[in-house]
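If you want the building blocks of each chain, they are given just below.
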Amino acid sequence: ATVERAFSQVRACNATSQNSREAASKSDGLVSSLRTMIGHLKSDWRNESAAVERALSQVRACNAALQNSREVASKSDGLASELRTRTDHLESDLQNETSKVRACGEKLQSSHAALSQSDGLVGELRTEIGHLKSDLRNETAIAAHALRQVRACNA
C-alpha cells in the first residue's frame, strides 16, 4: 500500500510536471506574440507620428500662405482706396475741365475769331480728357488685376 501510494504520488507529480511544461510552452508563445504585437504597435506609432508631423508641416505652410494672403489683401485694399481717391480726383478734374469748355464755348459764340480760338482749346481739352480717361482706365485695370489676385489668394 505504501508503494502504491508512492507510485500514485509519482504519477501525480509527473502529471503536474507535464502541465507545468505545457503552461510554460503556452506562456512562451504568449510572450512571443506580445513582443510581436509590441513591435507592430511601435511601428504604427512611428508611422502615425510621422503622419502627424507631415500634417503639422502642412498646417504651418497653410498658415504662412494665409498670412501672405492677408498681407496681399491689405495691400490690395490700400491700392483700391488709392485708386478710388485718384478716380474721384480725375472725375472732378474732368467735370471742371468740361465746365470750363462749356463756359468758354458760351463766351466765344459772340465772335468768329473767339470761336476759332475756342476750337483750339476744345481740342486741347479733348486731348487732356482722353489722357485722363486713359489714366482712369489704366488705374481701373490695375485695381481689377489686384482684386483678382486677392480673390485667387483667398480662394
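Shown above is the structure to which this text applies.
The structure reproduced in this document is the subject of the present report. Note that the coordinates shown come from a computational prediction; the quantities given were computed from them, not determined experimentally. Per chain, the residues get numbers from 1 upward, laid out in the order the sequence is written. With pLDDT at 70 or above as the cut-off, local features in this predicted model cover only qualifying residues; side-chain atom pairs require 80 or more to be listed or tallied, and sums for whole chains, interfaces and linings still use all residues. The side-chain numbers reported here are obtained from all heavy atoms of the structure, hydrogens and water having been left aside.

What follows concerns the overall build of the chain. Only DSSP runs of H or I reaching four residues or more are called helices, and only runs of E reaching two or more are called strands; each is numbered from the N terminus. Check the secondary structure of the chain and you find 2 helices and 0 strands. The globule rule used for comparison is 2.2 Å times the number of residues to the exponent 0.38, while the radius of gyration itself is calculated over C-alpha atoms. Computed over its C-alpha atoms, the radius of gyration of the chain comes to 46 Å, more than 25% above the 15 Å expected for a compact globule of 155 residues. Put simply, the chain has 155 residues, and 12% of those count as buried. We get accessible surface area from the Shrake-Rupley algorithm with a probe of 1.4 Å; when it comes to residues, only the shown protein chains can shield them. Summed over all atoms, the accessible surface of the chain reaches about 12,300 Å², with 56% contributed by carbon and sulfur. Counting rule for charge: Lys and Arg are taken as positive, Asp and Glu as negative, and neither His nor the chain ends is counted. Throughout, a charge is located at the NZ atom of Lys, the CZ atom of Arg, the CG atom of Asp or the CD atom of Glu. Separation of charge centres in the chain, based on 21 positive and 19 negative side chains, amounts to 13 Å. Each residue is assigned to one of three classes by its accessible area relative to the maximum for its type, calculated with a 1.4 Å probe on protein chains only: buried under 20%, partly exposed between the two thresholds, exposed over 50%.

Once that is clear, we can look at the pattern of salt bridges. For this document, the term salt bridge refers to a Lys or Arg side-chain nitrogen within 4 Å of an Asp or Glu carboxyl oxygen. Evaluated as defined, the whole model comprises 4 salt bridges. Across the pair Glu139 and Arg86 runs a salt bridge, and its minimum N-O distance is 3.2 Å. A residue pair is termed long-range when its members are at least 10 positions apart, and Glu139 in helix 2 (residues 112-154) and Arg86 in helix 1 (residues 2-108) qualify at 53 residues. A salt bridge links Glu97 to Lys100; the shortest N-O distance between them is 3.7 Å. Within this pair, Glu97 and its partner Lys100 are both found in helix 1, separated by 3 residues, close to a single helical turn.

Bringing the environment of Thr85 into the picture now. On the secondary structure map, Thr85 appears in helix 1. Spatially, the C-alpha atom of Thr85 lies 115 Å from that of Ala6, the residues being 79 residues apart in sequence.

What follows covers a nonpolar patch on the surface. Patch members must show over 30% relative accessible area and no salt bridge, and they are joined within 9 Å when carrying like charges or within 5 Å when they are nonpolar side chains of Val, Leu, Ile, Met, Phe, Trp or Tyr. A contiguous nonpolar patch, built from Leu34, Met37 and Ile38 and spanning about 300 Å² of accessible area, is present on the exposed surface. Mapped onto the secondary structure, Leu34 falls in helix 1.

On to the state of the cysteines, then. By definition, a disulfide links the sulfur atoms of two cysteines through a covalent bond. To count as a disulfide, a pair of cysteine sulfur atoms needs to be within 2.5 Å. In this structure the tally under the stated criterion is 0 disulfides. In this structure Cys62 is not part of a disulfide, and its nearest cysteine sulfur, from Cys153, lies 12 Å away. Exposure remark for Cys153: the relative accessible area of 42% places this residue in the partly exposed category.

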